[in-house]
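# Reading the structure
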Amino acid sequence: MSCYELYALKFAGPFSSSGAFMMWMKEWETVALRNYYFWCLKSPERTVLVDAGVSPLLARQRNLPGYLSPADMLKGLEVRAEAVSQVILTHLHWDHVDGASLFPHAEFFVQRSERDFWLGDDLARRPPFTFFLNDQTRAVCRSIEESGRLTMIDGERETMPGITCLPAPGHSVGHQAVVADTSRGRAILGSDCAHLFRNYEENWPSALIIDMVAWVRSLKTLKQRVSAPDLLFPGHDPLMSERYPEVAPGITRLA
Ligand SMILES: [Zn+2]
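These remarks concern the structure in this document. Along each chain, numbering runs from 1 in the same order as the chain's sequence is written. Local features in a predicted model are, by the rule used here, given only for residues with pLDDT of at least 70; side-chain atom pairs are given and counted only at 80 or more, and totals for whole chains, interfaces and linings are based on all residues.

## As for the overall build of the protein chain
To keep things clear, this is the line we draw: Elements are defined by DSSP. Helices are runs of H or I of four residues or more, strands are runs of E of two residues or more, and each kind is numbered from the N terminus. The reference for a compact globule is 2.2 Å times residues^0.38; the radius of gyration itself is calculated from the C-alpha atoms. The burial label depends on the number of other C-beta atoms within 10 Å of a residue's C-beta. Counts of 20 or more mean buried, 12 or fewer mean exposed, and intermediate counts mean partly exposed, with C-beta atoms placed from the backbone. We call two residues in contact whenever the C-beta atoms placed from their backbones are within 7 Å.
Counting secondary structure elements, the protein chain contains nine helices and 13 strands. Its C-alpha atoms give the protein chain a radius of gyration of 17 Å, near enough to 18 Å, the size a compact globule of 255 residues would have. For the protein chain, the spread of C-alpha atoms along the principal axes amounts to about 45 × 40 × 35 Å. When the 255 residues of the protein chain are sorted by exposure, 45% land in the buried category. Sequence-distant contacts, at least 24 apart, represent 66% of the contacts inside the protein chain between residues at least 6 apart.

As structure tokens, this is what we get:
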């Protein structure tokens, strides 16, 4: 059995917003912080990334505070970006996919429904969807597809030994979570199914949900499938940097 170490890599942040951004329709008067992450799964046999972060170009354009290139960050885990061979994309929002060009030899995995919406549906080019993916980052997605390195998945699939892509729609049309075998049991990187641990703990979404019915079902599925509640990880919670041992600057070991 393949068993993975899980790392969270914080490539930007902190950002602040009204608490209502992180807890839907509540906590308007509070301030909530969020970081931007991608993740690395390591076993003796292989290294797999979950999401690709943001490129230096877009980070400059958006003026992202605390930004470090995902390619540079990986050096802290002794991983070279050019050597990365597999990246699972949880969804095609800018903060999760724009850095794909940093991994020129990687194969990328995405749910077909997610690919078809963002790259195949004209609706995706209209507001408010342009908030999540602009033409520049869409071109990044197209270029990996045209180079034959974008693999579409239909539903649940074990993409590598001990790593399963699990549909978890709601935040986006074809959002997926990543289930990984670890020494503590089955962990789930839920990405933006939840922005904070609190979304899972309180069964309450962030403001960024496009299909609430699908989201509630996804939440139920992830909680059923994970081995323990503390092995279910959100997409943007600063606690991922604070509550876990730091193994290199900006990199914490989650499991
Ligand atoms: Zn996100």
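Having seen the model, we can carry on.
## Some remarks on unusual backbone geometry
The step from glycine 13 to proline 14 runs through a cis peptide bond, and the omega angle for that step is 5°. By the secondary structure assignment, proline 14 is in strand E1 (residues 5–18). In this structure, the amide linkage connecting proline 127 to the following residue, proline 128, adopts the cis form with an omega of 0°. Positive phi outside glycine occurs at methionine 25, with the angle close to 65°. Tracing the backbone shows methionine 25 in the loop between helix H1 (19–22) and strand E2 (31–42). What makes methionine 25 exposed here is the crowd of 9 C-beta atoms within 10 Å. Look at glutamate 27: it is not a glycine, yet its phi comes out positive at around 60°.

## Digging into the sheet that holds strand E10 (residues 185–189)
Stated formally: In this description, strands pair whenever DSSP reports at least two bridges between them. Axes, fitted as lines to C-alpha atoms, cover a helix only where it is in contact. Angles between the N-to-C directions of the axes lie from 0 to 180 degrees.
Ordered in space as E7-E8-E9-E10-E11, the five strands form an open sheet in which the pairing is mixed. With partners counted over all chains shown, the strands left at the sheet margins are strand E7 (157–160) and strand E11 (232–233), one partner each. Where strand E8 (residues 163–167) and strand E9 (residues 176–182) come together, five bridges link them in antiparallel fashion. When the bridges of E9 are listed, threonine 164 appears paired with valine 179. Lying on the sheet, helix H8 (residues 212–225) is in contact with E8, E9, E10 and E11; it crosses E10 at an angle near 155°.

## A look at the nonpolar core
To be explicit about the condition: Each nonpolar core reported here comprises buried Ala, Val, Leu, Ile, Met, Phe, Trp, Tyr and Cys residues connected via C-beta atoms within 7 Å.
Grouped together as the largest cluster of nonpolar side chains are 72 residues, with contacts concentrated most on Leu9, Trp39 and Val178. For this core, the element with the highest residue contribution is E2, accounting for seven residues. Look past the residues within four positions of tryptophan 39 in its chain and what remains in contact with it is Leu6, Tyr7, Ala8, Leu9, Leu49, Val50, Asp51 and Leu189.

## Some points on the sheet that holds E2
Spatial ordering of the open sheet is given by E6-E5-E4-E3-E2-E1-E13-E12, a layout of eight strands whose pairing is mixed. Only two strands of the sheet have a single neighbouring strand rather than two, namely strand E6 (150–153) and strand E12 (246–248). Averaged over neighbouring strand pairs, the angle between their axes works out to 30° when direction is ignored. When E1 meets strand E13 (residues 251–253), the two strands line up antiparallel, connected through three bridges. When the bridges of E13 are listed, alanine 8 appears paired with threonine 252. Relative to the sheet, helix H5 (residues 112–120) contacts strand E5 (107–111) and E6, its axis offset from that of E5 by approximately 90°.

## Comments concerning H5
For H5, the complete set of buried residues consists of Ser113, Glu114, Arg115, Phe117 and Trp118. In this fold, the buried residues of H5 make contact with E5, helix H6 (135–146) and E6.

## Concerning the environment of leucine 133
Residue placement: leucine 133 occurs in the loop between H5 and H6. For leucine 133, the contacting residues outside a window of four places in its chain are Leu92, His93, Trp94, Trp118, Ala124 and Arg138.

## Details of the pairing of E8
Of all five residues that make up E8, four are buried, and the element is covered over most of its length. In this sheet, E8 lies alongside E7 in antiparallel orientation, the contact comprising three bridges. The partner of methionine 160 across the bridge, within E8, is isoleucine 163. Hairpin connection of E7 to E8: two residues between the antiparallel strands, including glycine 162 at a positive phi of 80°.

## Digging into the environment of glutamate 45
Structurally, the position occupied by glutamate 45 is in the loop between E2 and strand E3 (47–50). Separated by 116 residues in the primary sequence, glutamate 45 and proline 161 place their C-alpha atoms 9.8 Å from one another.

## Points about the pairing of E1
Bridge count for E1 against E2 is eleven bridges, and the pairing is antiparallel. Each residue of the ladder has a partner; that of alanine 8, found in E2, is tryptophan 39.

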